[in-house]
Amino acid sequence: MDLDERYIASSNVWRRYGILFKVLMDKYGFEEALNHHLEARLIVSAKSMRVLQEKHDTLTQEEYFEALQNNFHGAGYDAMVETTEEAYKVTVKRCPFYNGLSMAGIEHETILRICENSYAQRAKNYSSLFMGLIKQRDAAEGVCVEGFRL
């Protein structure tokens, strides 16, 4: 499966998730839906960040760069990793999470709030590895940049 196919498949999964998020939002309000999202995100982050930390600790910088790039591409994210003096910066162009939630009818500003809170939670819990959100997309066609420590 190439990146475009993974992007479409992942977007469709996130669209379904977005529909569930909308149902929760309509029933309980945004804050309660967000709290449930963040609770689930904790479970997902525990595993994914542990794997990334293990790779970070055992691979060379070049190998980790490749692993990070492959991680994003494998999940359908059209992302480019660059190494700077202080971090690996991941620029996400096409984001299946954003696209899927958008297809579910969730507005740009709401998606940004969900992402912002998710990034902040991971940065707080995994600060030795994850720097968090460096730049958030300003429009659907924009890009997000997140940082991982060298």
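Everything that follows concerns the structure shown earlier in this document.
These remarks concern the structure in this document. Remember, predicted model here, so these are calculated numbers, not experimental data. (Residues numbered from 1 in each chain as written. Predicted model: local features only at pLDDT ≥ 70, side-chain atom pairs only at ≥ 80, totals over all residues. Heavy atoms only, no water.)

All right, on to the overall build of the chain then. Helices and strands together make up the secondary structure of the chain, namely five helices and four strands. If you list the helices and strands of the chain from N to C, you get α-α-α-β-β-α-α-β-β. For 150 residues, the compact-globule formula gives about 15 Å, and the C-alpha radius of gyration of the chain, at 15 Å, lands near that figure. For the chain, the spread of C-alpha atoms along the principal axes amounts to about 45 × 30 × 25 Å. Burial status across the chain gives 41% buried among its 150 residues. In the chain, of all internal contacts separated by at least 6 residues, the share reaching a separation of at least 24 is 57%. With an accessible surface of roughly 8,300 Å², the chain has 53% of that area assigned to carbon and sulfur atoms. (Helix = DSSP H or I, 4+ residues; strand = E, 2+ residues; numbered from the N terminus. Rg over C-alpha atoms; globule rule 2.2 N^0.38 Å. Buried < 20%, exposed > 50% of the residue type's maximum accessible area, 1.4 Å probe, protein only. Contact = heavy atoms within 4.5 Å. Areas by Shrake-Rupley, 256 points an atom, 1.4 Å probe, with all protein chains shown as cover.)

Our next topic: the sheet that holds strand E4 (residues 144–149). As a general point, the strands of a sheet are linked pairwise by backbone hydrogen bonds and lie either parallel or antiparallel. Taken in spatial order, the four strands make up an open sheet running E1-E2-E4-E3, and their pairing is antiparallel. Either end of the sheet is taken by a strand with one partner, and the two such strands are strand E1 (78–83) and strand E3 (130–135). Strand after strand, the sheet turns through a mean of 25° between neighbouring axes, direction not considered. By the bridge criterion, six bridges tie strand E2 (residues 87–94) to E4 in an arrangement that is antiparallel. By the bridge assignment for E4, lysine 89 is matched with glycine 147. Its contacts with the sheet put helix H3 (residues 61–74) on E1, E2 and E4, and the angle it makes with E1 is roughly 165°. (Pairing = 2+ DSSP bridges. Axes fitted to C-alpha atoms, helices over the stretch in contact; angles between N-to-C directions.)

Another point: helix H2 (residues 30–58). Residues that lie three or four places apart on an α-helix share one face, since the helix turns once every 3.6 residues. Its 29 residues place the ends of H2 40 Å apart at the C-alpha level, agreeing with the 42 Å of an ideal helix rising 1.5 Å per residue. The sharpest bend along H2 comes to roughly 30°, located at serine 45. Those residues of H2 lying buried are Phe30, Ala33, Leu34, His37, Leu38, Arg41, Ser45, Met49, Leu52 and His56. (Expected span 1.5 Å × (residues − 1). Bend = angle between axes of the 7 residues up to and from the residue.)

This brings us to the packing of aromatic side chains. Evaluation of the coordinates by the stated rule reveals eight aromatic pairs. Ring centres of phenylalanine 130 and phenylalanine 148 lie 5.0 Å apart, and the angle between their planes is 65°; this geometry places the pair in the edge-to-face category. Residue phenylalanine 130 is found in strand E3, and its partner phenylalanine 148 is found in strand E4; the two are separated by 18 residues along the sequence. Considered together, phenylalanine 130 and phenylalanine 148 belong to a single accessibility category, that of buried residues. Between the NZ or CZ atom of arginine 94 and the centre of the ring of tyrosine 7, over which it lies, the distance is 4.3 Å. Here the guanidinium or amino end of arginine 137 rests over the ring plane of tyrosine 98, the centre of that ring lying 5.2 Å away. (Phe/Tyr/Trp six-rings, centres within 6.5 Å; stacked < 30°, edge-to-face > 60°. Lys NZ or Arg CZ within 6 Å of the ring centre and 35° of its normal.)

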